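Residue-level structural notes
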Amino acid sequence: MDHQFTPRTRAVIAGRPEDGHGPANPPITPASSLGLRYSREDGTDTWAAFETAIGALEGGTATAFASGMGAAAAVADLLPSGSVVAVPVDSYAGTRGLLGHAERAGRLSVVAVDPEDAAAWAAAAGEADLLWLESPTNPSLLLVDIPAVVAAATASPRRPLVVVDNTFATPLGQQPLGLGADIVLHSATKMIGGHSDLLLGVTVTADEGLATRLREARTVSGATPGVLETWLALRGLRTLPVRYAEASATAADLARRLDEHPAVVGVRYPGAGAMVSFELADGEVADRFCAALRLVRHATSLGGVESTVERRAARPVDAHVPPGRLRFSVGLEDPADLWWDLGQALAAATA
Ligand SMILES: *Cc1c(COP(=O)(O)O)cnc(C)c1O
């Protein structure tokens, strides 16, 4: 059989039990002890099913963690003390928090890079040990040219590791390992889980040596996933292709309408995915807009079936973000209802 199933099909079938006469889904195995095996070290069937499915979509060996930050901490743990890490200025606040924490403790030094500046990445490839890409970035949806950064890393005598936080694009939007990245990282809390009801993270790599070390980092740190969370995230993954396609279509439509609205500037939409970024005149107008929404939830986090919006500049950790900029996570509500809500809130905020 030389047919290669598409990602859409793999999301549905990967990680199913092989016994055709048994249950269609893996069991929820609440276990610490498995005979002489111990789940923190050896995993459980439920974790393995989720890891198999994500691995099949990203093209590598996956390791599940307690959260996206648990996965990120395992990646940072690969680096010897004194290493240099380059990270986008506009990366997820938690990632900058993790790296800043390691820098203050004297373990790492951090270089902040403008994500869209190819020359800055090329320079970073010459001085860093790890390039921590995120594309699109959270919250402003800036894009990193992943193949160009991989080429710069490969050409550099220092040969930094290239890690891509693929949370916003999802494995359906891009597969960074296929573009030459060493490790992919997800907060499965977001679009993979898809229902705002769990915390989970995962790393994926095609390098077996790195896979072993990431798993070892999980074993020694104890950042192990919850069994119910893993099972729910696998259930979420089954519908990711349809949720992603539907949210993308709605997001593209709303981004176009927002772009035409006189009160809105700086709409950013990367062409696929559930995330849109746009700006209102200032922080006060943006706060009035958030307060006036009736359907879209004014809430943090993203990637759920329900649409949410957040003004990230209101948080000290994202003080670099322009004050009127909003991060909009588009869910599965009817696009006509969403546009009604955005329209009435824009009118209320600018009245
Ligand atoms: C949320 C998020 C994380 C962290 O994941 P948690 O599951 O909250 O620990 C990492 N990267 C990005 C881009 C995120 O949005």
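Here we summarise the structure given alongside this text. (Residues numbered from 1 in each chain as written. Predicted model: local features only at pLDDT ≥ 70, side-chain atom pairs only at ≥ 80, totals over all residues. Heavy atoms only, no water.)

Observations regarding the overall build of the chain
Definition in use: Only DSSP runs of H or I covering at least 4 residues are called helices, and only runs of E covering at least 2 are called strands; the numbering of each starts at the N terminus. The atom set for the radius of gyration is the C-alpha atoms, and the globule formula is 2.2 Å times the number of residues raised to the power 0.38. Working definition: with a 1.4 Å probe on protein chains only, accessible area under 20% of the residue-type maximum means buried, over 50% means exposed, and in between means partly exposed.
Within the chain one finds 13 helices and 14 strands. In terms of C-alpha radius of gyration, the chain reaches 20 Å, essentially the compact-globule figure of 20 Å for 351 residues. Once the C-alpha set of the chain is aligned to its principal axes, its extents read approximately 65 × 55 × 40 Å. When the 351 residues of the chain are sorted by exposure, 53% land in the buried category.

Remarks on the pairing of strand S10 (residues 265-268)
Our working definition: A pair of strands counts as paired when DSSP detects no fewer than two bridges linking them.
Where S10 lies against strand S11 (residues 275-279), 2 bridges are found, and the strand directions are antiparallel. Pairing of Arg268 across the sheet is with Ser277, part of S11.

Here we look at the site of the ligand
Here is the rule: If a single non-hydrogen atom of a residue is within 4 Å of a molecule or strand, that residue counts as near it. Two N or O atoms form a polar contact when they lie within 3.5 Å of each other; inside protein one atom must be a possible hydrogen donor and the other a possible acceptor, and for residues adjacent in sequence the pair counts only when both atoms belong to side chains. Working definition of accessibility: Shrake-Rupley area with a 1.4 Å probe, residue cover restricted to the visible protein chains. Residue polarity is assigned by list, with Asp, Glu, Lys and Arg as charged and Ala, Val, Leu, Ile, Met, Phe, Trp, Tyr, Cys and Pro as nonpolar; anything else, Gly included, falls into the polar class.
Around the ligand, the structure places 13 residues, and the nearest of them are Met69, Asp165, Ser187, Thr189 and Lys190. Take Gly68: an N or O atom from its main chain is 2.9 Å from an oxygen atom of the ligand. Here Thr189 contributes a side-chain N or O atom positioned 2.6 Å from an oxygen atom of the ligand. For the ligand, the accessible surface in isolation is 380 Å², of which the surrounding protein chains cover 93%. Residue classes in the shell around the ligand are distributed as 4 nonpolar, 6 polar and 3 charged.

So, the environment of Thr52
Formally: By definition in these notes, contact holds between two residues if any of their heavy atoms fall within 4.5 Å.
Among the structural elements, Thr52 can be located in helix H3 (residues 45-58). On the basis of relative accessibility, which here comes to 45%, the residue Thr52 falls in the partly exposed class. Residues in contact with Thr52, not counting those within four places in the same chain, are Ala14 and Gly15.

Section: the side chain of Arg311
Counting through the fold element by element, Arg311 comes out in the loop between strand S13 (308-310) and strand S14 (325-329). At 3.0 Å, the side chain of Arg311 forms a polar contact with the backbone oxygen of Pro323. Once residues lying within four places of it in the same chain are set aside, the contact partners of Arg311 are Gly283, Ala286, Asp287, Pro323, Arg325 and Leu326.

Focus on helix H6 (residues 118-127)
Quick reminder of the rule: Within this analysis, the arc is defined by the directions that extend from the helix axis to the C-beta atoms.
Taken together, the buried positions of H6 are Trp121, Ala124 and Ala125. Taken around the axis of H6, the buried residues stretch over an arc of 105 degrees, which confines them to a single face. Close packing links the buried residues of H6 with strand S4 (83-88), strand S5 (108-113), strand S6 (130-134) and helix H7 (146-155). By the N-cap criterion, in which a side-chain oxygen at the helix start approaches the backbone nitrogen of a residue two or three places on, H6 is capped by Asp117, the distance to Ala119 being 3.1 Å.

Regarding the sheet that holds S10
Pairing within the open sheet is mixed, and its 5 strands lie in the order S10-S11-S14-S13-S12. Here the strands that pair on one side only, and so sit at the sheet edges, are S10 and strand S12 (297-298).

Here's the deal with the environment of Tyr244
Its place among the elements puts Tyr244 in helix H11 (residues 240-260). Considered as a pair, Tyr244 and Arg327 are 83 residues apart in the sequence and their alpha carbons are 17 Å apart.

Focus on the packing of helix H4 (residues 68-76) against helix H5 (residues 93-104)
Basically, it comes down to this: The axes used here are C-alpha line fits, helices contributing only the stretch in contact, and every angle between their N-to-C directions lies in the interval 0 to 180 degrees. Roughly parallel here means an angle under 35 degrees, roughly antiparallel means over 145, roughly perpendicular means 65 to 115, and every remaining angle is called oblique. The sense of a crossing depends on the near helix, which, turned anticlockwise from the far helix by less than a right angle, makes the crossing left-handed and, turned clockwise, makes it right-handed.
Packing of H4 against H5 brings their axes to within 10 Å, and their N-to-C directions diverge by 40 degrees. Judged on the interaxial angle alone, H5 and H4 are oblique. Between H4 and H5 lies a crossing whose hand is right-handed. Packed against H4, whose contacting residues are Met69, Ala72, Ala73 and Ala76, the element H5 presents Gly94, Thr95 and Leu98 at the interface. Taken together, the residues that form the contact of H4 with H5 break down as 5 nonpolar, 2 polar and no charged.

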